[in-house]
Amino acid sequence: MKVANERDAELEKLAIDTIRTLAIDAVQAAGSGHPGTPMAMAPVAYTLWQRFLRFDPSDSIWPNRDRFVLSMGHASTPLYALLHLTGTKAVNPAYETLGEPTVSLDDLRRFRQLDSKCPGHPEYRWTSGVETTTGPLGQGVATSVGMAIAGQWLAAHFNRPGYDLFDYDVYALAGDGCLMEGVSSEAASLAGHLRLSNLCWIYDSNRITIEGHTELAFSEDVATRFMSYGWNVTRVGDANDTEMLARAFGTFRDEHDRPTLIVVDSHIGWGAPNKQDTSGAHGEPLGESVVRETGRRTPSFSFRTASTSTSSAASVRVGVPHATTGSPSSRRTRQPIRSSPSSCAACSAVSCPTVGTRTCRSSSPMRTAFPAATRPAKC
Ligand SMILES: Cc1ncc(C[n+]2csc(CCOP(=O)(O)OP(=O)(O)O)c2C)c(N)n1
Ligand SMILES: [Mg+2]
């Protein structure tokens, strides 16, 4: 589970930065798009796809694959980058597997162009590997609840003792906007009621939306809301901390009674001078000078401006190993429903809102689920 050695850590960083670079270059080349959230979410997407998602790039419609839903459809470039870097193969409208890649580097170069396999927002049955069309905020997470219900239905009907044909998980990546939409609240409530433990939502809490800071319109305590829905809520205080992300995904896998919400604190436009943590990083190209400056300040980024390169993956020859191919032995065995809730590694408190973080974060910018008076001492 841990990054084994220095070389692996370097490869991991290279892979994550390649996802970032592809996102930045694609948006820059198109002259429109959303670079900030892909830059921040690259480590989250990478950790999930590389270390947890059971997905076969050579068979993108394998029935028991884990589903990944990019509910924040505007931040589409990491999904395209992952489909490209994993070498995922396309299927045709008849669902026959073709030998060709679902997303080529040229497709990424033509991001947001007419007929491109990389439209601004992901489209189901247009780009193989995209599990559902997203863009309208909240729609993806709501759809993910249906997918999780379908998974449980299939398991109930077709699994036999010792023969788990269906045990797939559903992951959905959502932003502030998705969590603001009413449809996500209704769907989350149903998921809690049905105890969909095969469902994991990852909430990119960057506290920025299209207009500016979320304080303008959104001040509720999301973690507490989800606890009241009956969800297992965990938190990662730094979107760049892949070990803590892995731990949070592990917490999800070990949970057999409730759906899981992982709140990830992130910085939109991470690493981009004058753009990070601003709505300026949300929905417009960074601009050539910022791209250059970002690469200079963050040397591991091999950024070049769009005019000189839109082929960063090829130029760094990234060796991103393929996403985990599901095999019966590697699959999690779903246990019967149990009632023991998870506890915080730092303070051992049951349902501590900071569970999964390296340290308890009472000073977190997001309000904690417990009022200070009732919070466990170490939180
Ligand atoms: C239902 C709906 N309303 C409005 C929009 C337009 N829109 C696209 S992105 C966005 C802001 C989303 O904010 P957030 O989810 O926090 O994304 P971030 O800025 O962090 O990338 C809005 C309002 C939309 N896509 N769907
Ligand atoms: Mg946001």
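Thresholds, definitions, all that
Residues numbered from 1 in each chain as written. Chains lettered and ligands numbered in written order. Predicted model: local features only at pLDDT ≥ 70, side-chain atom pairs only at ≥ 80, totals over all residues. Helix = DSSP H or I, 4+ residues; strand = E, 2+ residues; numbered from the N terminus. Buried ≥ 20, exposed ≤ 12 C-beta atoms within 10 Å, placed from the backbone. Contact = placed C-beta atoms within 7 Å. Near = placed C-beta within 6 Å. Nonpolar A, V, L, I, M, F, W, Y, C, P; charged D, E, K, R; others polar. Pairing = 2+ DSSP bridges. Axes fitted to C-alpha atoms, helices over the stretch in contact; angles between N-to-C directions. Core = buried A, V, L, I, M, F, W, Y, C linked by C-beta atoms within 7 Å. Parallel < 35°, antiparallel > 145°, perpendicular 65-115°, else oblique. Left-handed = near helix turned anticlockwise from the far one by under 90°.

Student: Describe the overall build of the protein chain, listing the residues and the values that go with them.
Tutor: Broken down by element type, the protein chain carries 11 helices and seven strands. Across the 379 residues that make up the protein chain, the buried fraction comes to 49%. In the protein chain, 71% of the contacts between residues at least 6 apart in sequence involve partners at least 24 apart.

Student: Explain the environment of Phe166 to me, and be specific about the residues and the numbers.
Tutor: The topology assignment puts Phe166 in the loop between α5 (139-158) and β4 (170-174). The spacing of Phe166 and Ala156 is 10 residues in sequence and 8.7 Å in space, taken between C-alpha atoms. Setting aside residues no more than four positions away along its own chain, Phe166 makes contact with Asn64, Gly151, Leu154, Ala155, Phe158 and Asn159.

Student: Now, about the site of ligand 1: what can you tell me, with residues and values included?
Tutor: Taken together, the neighbourhood of ligand 1 is formed by 20 residues, with Thr37, Gly175, Asp176, Gly177 and Thr209 sitting nearest. Elements with a minimum of two residues in the shell around ligand 1: α2 (36-51) and α6 (176-180). Among the elements that line the shell around ligand 1, the one with the most residues is α6, at three residues. Considering only residue class, the shell around ligand 1 consists of eight nonpolar, 10 polar and two charged.

Student: Mind laying out the sheet that holds strand β1 (residues 67-70), listing which residues take part and the relevant values?
Tutor: With respect to topology, five strands assemble into an open sheet ordered β1-β4-β5-β7-β6, the strand pairing being parallel. Two strands close off the open sheet at either side, each with one partner strand: β1 and β6 (232-236). Across the sheet, the mean angle separating the axes of adjacent strands is 20 degrees when strand polarity is ignored. Direction of pairing for β4 relative to strand β5 (residues 199-205): parallel, over a ladder of five bridges. Within β5, the position partnered with Leu173 by the bridge is Ile202. Strand contacts of helix α9 (residues 242-254): β5, β6 and β7 (260-265), with the helix running at about 170 degrees to β6, the strand carrying the most contacts.

Student: Residue-level account of the environment of Thr132, with values.
Tutor: Mapped onto the elements of the fold, Thr132 is located in the loop between α4 (105-109) and α5. Judged by C-beta crowding, with 22 C-beta atoms within 10 Å, Thr132 ranks as buried. When the C-alpha positions of Thr132 and Met147 are compared, they lie 10.0 Å apart, and in sequence the two are 15 residues distant.

Student: Please set out the pairing of β5 residue by residue, giving values where relevant.
Tutor: Among the seven residues that make up β5, seven are buried, leaving the element largely enclosed by the rest of the structure. Neither face of β5 is open: one carries Leu199, Trp201, Tyr203 and Ser205, the other Cys200, Ile202 and Asp204, and all of them are buried. The pairing of β5 with β7 spans six bridges and is parallel. Note that in β7 the partner of Asp204 across the bridge is Val264.

Student: Provide a residue-level description of the nonpolar core, including the pertinent values.
Tutor: Counting 84 residues, the largest nonpolar core has Ile19, Ala174, Ile202, Tyr203 and Ile262 as its most contacted members. At 10 residues, helix α1 (residues 6-30) tops the list of elements feeding residues into this core. With residues near it in sequence (within four places) discarded, Tyr203 still touches Ala174, Leu179, Val222, Leu261, Ile262, Val263 and Val264.

Student: Could you give an account of the packing of α1 against α2, with specific residues and numbers?
Tutor: Two numbers describe how α1 lies on α2: the axes approach to 9 Å, and their chain directions differ by 140 degrees. Judged by the inter-axis angle, α1 sits oblique to α2. The crossing of α1 and α2 is right-handed. Here α1 contributes Ala15, Ile16, Ile19, Arg20, Ala23 and Ile24 to the contact with α2, which in turn contributes Pro38, Met39, Ala42, Pro43, Ala45 and Tyr46.

Student: So what's going on with helix α3 (residues 77-85)? Which residues, and what values?
Tutor: Across the nine residues that make up α3, a large majority, nine, are buried. Every buried residue of α3 is accounted for by Thr77, Pro78, Leu79, Tyr80, Ala81, Leu82, Leu83, His84 and Leu85. The first or second residue beyond α3 is Gly87, which carries a positive phi of 70 degrees.

Student: Mind laying out unusual backbone geometry, listing which residues take part and the relevant values?
Tutor: Unusually for a residue other than glycine, Arg112 sits at a positive phi of about 70 degrees. Relative to the helices and strands, Arg112 resides in the loop between α4 and α5. Here Arg125, not a glycine, exhibits a phi torsion of approximately 65 degrees, which is positive. Looking at the secondary structure, you find Arg125 in the loop between α4 and α5. The exposed category is assigned to Arg125, around which 12 C-beta atoms lie within 10 Å.

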